[in-house]
Amino acid sequence: MSGVEILFAGFALLAAAAGLLSVTSRHVVHAALWLVVALGSLAGVYLTLGAEIVAIVQLLVYVGAVVVLVLFALMLTRAPIEASATLDAGPGQRAGAALAGLAVAALLAGTLLVAVGDRTVSPAAGQGSADRLGLALFAGWVLPFELLSVLLLASLIGALALSRDRRR
Amino acid sequence: MIHLIGPAVLAAALAGAGVYGLLARRNAVLVLIGAELLLNAANVLLVTASALPAGGLAALPPSGVLIQPSSDPLLPGQVMTIFVITIAAAEIGLALAVVLLLFRQRGTADLTAVRELGEGSAGYTETPGTPTASDPAAGPARQAEVP
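Residues numbered from 1 in each chain as written. Chains lettered and ligands numbered in written order. Predicted model: local features only at pLDDT ≥ 70, side-chain atom pairs only at ≥ 80, totals over all residues. Heavy atoms only, no water.

(A) Inspection of the packing of helix α2 (residues 28–50) of chain B against helix α3 (residues 76–106) of chain B at higher detail. Residues and elements named next belong to chain B. Contact geometry for α2 and α3: axes closest at 9 Å, N-to-C directions at 175 degrees. Here α3 runs roughly antiparallel to α2, going by the angle between their axes. Along the contact surface, α2 presents Ala28, Val29, Leu32, Ala35, Glu36, Leu39, Asn43, Leu46, Val47 and Ser50, while α3 presents Gly77, Gln78, Met80, Thr81, Val84, Ile85, Ala88, Glu91, Ile92, Ala95, Leu96 and Val99. When grouped by side-chain class, the residues that make up the contact of α2 with α3 number 15 nonpolar, 5 polar and 2 charged. (Axes fitted to C-alpha atoms, helices over the stretch in contact; angles between N-to-C directions. Helix = DSSP H or I, 4+ residues; strand = E, 2+ residues; numbered from the N terminus. Parallel < 35°, antiparallel > 145°, perpendicular 65-115°, else oblique. Contact = heavy atoms within 4.5 Å. Nonpolar A, V, L, I, M, F, W, Y, C, P; charged D, E, K, R; others polar.)

Shown next, in the form of structure tokens:
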């Protein structure tokens with residue numbers, strides 16, 4: 001096992017465990033903070049796979065913006081700070097959800113393990129560097145990129161229109 | 001050198017946790033956390049694909065051979081990951097606005113409390129437009145639209 005592989009395994013285990021905790025925690029704030037841990041260690045996973053700019057974007061957008069939005073929404077909806085039993089559905093639905101989650105995980109893992117076999121990959125140096133990714137983004141992908149900016153603007157206007165107080 | 005089994009199992013675990021979160025949670029904000037985990041499972045696979053040489057798995061040399069094949073100059077895996085992150089940001093902004101609207105109208109973010117369209121609720125009718133006993137305010141207005 002090489003050093004990079006050990007690093008990858010550590011980040012991956014942390015991400016999977018934190019993801020599992022973020023959907024099972026009985027404290028709302030703990031769930032959001034475990035999501036921070038999961039997304040942050042996923043940035044580490046991307047780093048070990050050679051995608052450094054994607055790792056930085058993950059940290060900036062997900063940990064910096066999305067989780068802050070989630071925390072704000074939790075505060076604005078007056079979510080209970082202490083442990084609460086009203087966050088989860090009943091035990092029957094939870095068992096069904098666990099079954100569905102296990103089925104999805106088993107199906108994905110089964111197909112992917114058959115597909116990849118015992119192949120290994122060694123990320124090339126500078127593969128995800130800013131100049132290569134910037135060139136790819138603004139030379140080959142510039143039209144989807146601009147479309148995405150329009151999508152972001154539309155979602156911003158939509159969020160504003162939805163959250164406007166109509167009683168005033 | 002990383003075995004591809006690792007990213008595959010990680011993506012499967014994240015997707016399973018995300019599906020569980022989507023189905024088992026009642027609080028609307030926590031349901032969205034499950035959706036984020038699902039999107040991140042897809043991102044892990046995309047970043048892993050970007051580490052493969054151009055041509056994907058089939059172009060990968062058998063393990064043990066230490067040649068470095070060239071990767072796709074357009075870096076589709078990483079660019080798609082950035083696109084997915086952007087779409088996730090747009091989605092969560094809009095979804096949280098909907099949750100806030102729900103909370104302002106009903107005073108709760110509990111998804112099981114909002115069952116007006118469910119068959120078991122008191123306000124449910126087979127023929128929308130006809131007033132029901134529990135919904136007197138909306139009834140006459142909706143009735144007026146139907147000739």
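Additional details are given in the paragraphs that follow.
(B) Local environment of the nonpolar core. In this structure, Val45 and Val70 of chain A together with Leu10 of chain B are the most contacted members of the largest nonpolar core, which totals 60 residues. Elements with a contribution of two residues or more to this core: α1 (3–24), α2 (28–48), α3 (52–76) and α5 (130–140) of chain A together with α1 (5–24), α2 and α3 of chain B. Once residues within four sequence positions are removed from consideration, Val45 of chain A is found in contact with Phe8, Phe11 and Ala12 of chain A together with Leu10 of chain B. Grouped together as the second largest cluster of nonpolar side chains are 6 residues, Val121 of chain A together with Ala51, Leu52 and Leu60 of chain B included. (Core = buried A, V, L, I, M, F, W, Y, C linked by side-chain atoms within 4.5 Å. Buried < 20%, exposed > 50% of the residue type's maximum accessible area, 1.4 Å probe, protein only.)

(C) Structural view of the confidence of the model for chain B. All names here are of chain B. The pLDDT averaged across chain B works out to 81; a share of 80% of its residues lies at or above 70. Taken element by element, the predicted model of chain B shows its lowest mean pLDDT in helix α4 (residues 138–145) (43) and its highest in α1 (95). A low-confidence stretch, residues 135–147 stays under pLDDT 50, and its non-local contacts, those more than four residues away or across chains, total 6 contacts. (pLDDT = per-residue confidence, 0-100.)

(D) Looking closely at the interface of chain B and chain A. Between chain B and chain A, the contact holds 75 residues from the first and 84 residues from the second. Buried area between chain B and chain A, both sides added, is near 7,300 Å², and the carbon and sulfur share of it is 74%. The interface formed by chain B and chain A holds 1 salt bridge in total. Of the charged contacts, one joins Arg25 of chain B and Asp88 of chain A as a salt bridge, the two residues approaching to 2.9 Å between their closest N and O atoms. The interface formed by chain B and chain A contains 17 residue pairs in polar contact (both at pLDDT 80 or more). Elements that contribute at least two residues to the side of chain B that touches chain A include exactly β1 (2–3), α1, α2 and α3 of chain B. For the side of chain B that touches chain A, a count of residues per class yields 53 nonpolar, 17 polar and 5 charged. As paired elements, strand β1 (residues 120–121) of chain A and β1 of chain B share 2 bridges and run antiparallel to each other. Bridged to Thr120 of chain A within β1 of chain B is His3 of chain B. (Buried area = accessible area lost by both parts, 1.4 Å probe. Salt bridge = Lys/Arg side-chain N within 4 Å of Asp/Glu carboxyl O. Polar contact = N/O pair within 3.5 Å; in protein donor to acceptor, adjacent residues only side chain to side chain. Pairing = 2+ DSSP bridges.)

(E) How the structure looks around the packing of aromatic side chains. Within the structure shown, the criterion is met by 2 aromatic pairs over all chains. Taking 4.9 Å as the distance between ring centres and 70 degrees as the angle between the ring planes, the aromatic pair formed by Phe138 of chain A and Phe145 of chain A counts as edge-to-face. Judged by its relative accessible area of 27%, Phe145 of chain A falls in the partly exposed class. An angle of 80 degrees between the planes, with centres 6.1 Å apart, marks the rings of Trp141 of chain A and Phe83 of chain B as edge-to-face. Of this pair, Trp141 of chain A sits in the loop between α5 and α6 (142–163) while Phe83 of chain B sits in helix α3, which puts the two residues in different chains. As far as burial versus exposure is concerned, Trp141 of chain A and Phe83 of chain B are alike and both buried. (Phe/Tyr/Trp six-rings, centres within 6.5 Å; stacked < 30°, edge-to-face > 60°.)

(F) Region of interest: the environment of Ala51 of chain A. Residues and elements named next belong to chain A. With respect to the element layout, Ala51 can be found in the loop between α2 and α3. Under the relative-accessibility criterion, Ala51 is labelled buried at 0%. The spacing of Ala51 and Ala130 is 79 residues in sequence and 9.6 Å in space, taken between C-alpha atoms.

(G) Region of the structure containing the confidence of the model for chain A. Across chain A, the average pLDDT comes to 91, with 99% of residues at 70 or higher. Put simply, β1 of chain A is where chain A has its lowest mean pLDDT, 84, and α1 of chain A is where it has its highest, 95.

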